[in-house]
Amino acid sequence: MDKIPSVDLRDFLSGNPERKQKFVNEIGKAYEEIGFVALKGHFLDDNLVEDLYGEVKNFFEQPVETKQKYEIPGIGGQRGYVGFGKETAKGFKKGDLKEFWHFGQYLSDDSKYRSEYPDNVIVDELPKFNEVGKEAFQMLEKTGQYVLRALALHLGLDEFYFDDKIAEGNSILRPIHYPPITEEPDDAVRAAAHGDINLITLLMGAQGKGLQVQNHNGEWIDAIAEPDELMINVGDMLSRHTNNKLKSTIHRVVNPPREMWSTSRYSIPFFMHPISAMSLNALENCVDENNPKLYEDTTAGEFLHERLIELGLIKK
């Protein structure tokens, strides 16, 4: 496959059984063959997207000292600000050429996960940043819920199989700033080749070149979305749970041509995580004689902790 397929969530939501099944078939085929789709018909409207990008740029344009106030020690970068070059892709020594922010789950006062998740970090200088971040988080989470319902049907599970596993899940909205490149990068790239940790990733800001996906022939192809599309890919947790039936695809963000080094790039992925107790053991109907079990049993929480250590965000 040399192009990212495009699907429309409105087919799934239409109430028409044939259109709904068409969406299930299309997204299931794409995730088995390349692990990425471009999705139209999501729950983010244009005004919200515009507001979010505006607030994200406002934050990253703050002085370094202001941003560093929001870098919280001891939580593995799970909330607030993470400074330039601090995250390193698994298997790489050079830090990625980016800085980012983390919005996390919004919990009710009586939620049992209050002691498990760090609190969201509030930016005093930009009150709208906090409001817009919360709204975008919730609309992306809603979109992801319907994508997972379609995938549950594709896998022969109950449509609502994932619902209780993602309710109050440990999801993250990550606005990323790739600053202008001011000197020879010395083998560092904006985001080195990696697979995502989570169930699925919903990515805003894949318009224009930069994001590349490795297909199953080992070729790198450009993943460019239309302005009204989100790129959505399978993460390692879902790949493990389906015994690699749904593929977690390696992807990267390459440096721009030298004549564009002076430009920033902004990207906003939503990493959809389940609750930490979710079993990632291979689903029974994804294991057979031709597809033996590939991975050891684990939970989402155990797997996440292991990967955060590999990324350098948690020290052993």
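The sections below set out a description of the structure shown in this document. None of these values were measured; they are calculated from a predicted model. (Residues numbered from 1 in each chain as written. Predicted model: local features only at pLDDT ≥ 70, side-chain atom pairs only at ≥ 80, totals over all residues. Heavy atoms only, no water.)

Considering the pattern of salt bridges
Part 1 of the reasoning: If you walk through the whole model with that rule in mind, you get 18 salt bridges.
Part 2 of the reasoning: For Glu-26, the salt bridge is made with Lys-22, and the minimal N-O distance between the two is 3.2 Å. Residue Glu-26 and its partner Lys-22 are both found in helix H2 (residues 17–33); the two are separated by 4 residues, about one turn of the helix.
Part 3 of the reasoning: Where Arg-307 meets Asp-236, a salt bridge forms, and the shortest distance between an N and an O atom there is 2.4 Å. One end of the pair, Arg-307, is in helix H8 (residues 300–310); the other, Asp-236, is in helix H7 (residues 236–241), with 71 residues separating them in the sequence. Of the two residues examined, Arg-307 and Asp-236, each falls in the buried class.
Part 4 of the reasoning: Here the residues in one salt-bridge network are Asp-11, Arg-19, Lys-22 and Glu-26, joined through shared partners. (Salt bridge = Lys/Arg side-chain N within 4 Å of Asp/Glu carboxyl O. Helix = DSSP H or I, 4+ residues; strand = E, 2+ residues; numbered from the N terminus. Buried < 20%, exposed > 50% of the residue type's maximum accessible area, 1.4 Å probe, protein only.)

Some remarks on a negative patch on the surface
Part 1 of the reasoning: On the surface, Asp-45, Asp-46, Glu-50 and Glu-135 cluster together to form a negatively charged patch.
Part 2 of the reasoning: Among the structural elements, Asp-46 can be located in helix H3 (residues 46–60).
Part 3 of the reasoning: A relative accessible area of 63% places Asp-46 in the exposed class. (Patch = residues over 30% accessible without salt bridge, like charges linked within 9 Å, V, L, I, M, F, W, Y side chains within 5 Å. Areas by Shrake-Rupley, 256 points an atom, 1.4 Å probe, with all protein chains shown as cover. Lys, Arg positive; Asp, Glu negative; His and termini not counted. Charge placed at Lys NZ, Arg CZ, Asp CG, Glu CD.)

Quick look at unusual backbone geometry
Part 1 of the reasoning: Positive phi, normally seen in glycine, also occurs at Asn-243, with a value near 55°.
Part 2 of the reasoning: Residue Asn-244 is not a glycine yet carries a positive backbone phi of 70°.
Part 3 of the reasoning: Tracing the chain through its elements places Asn-244 in the loop between H7 and strand E12 (251–253).

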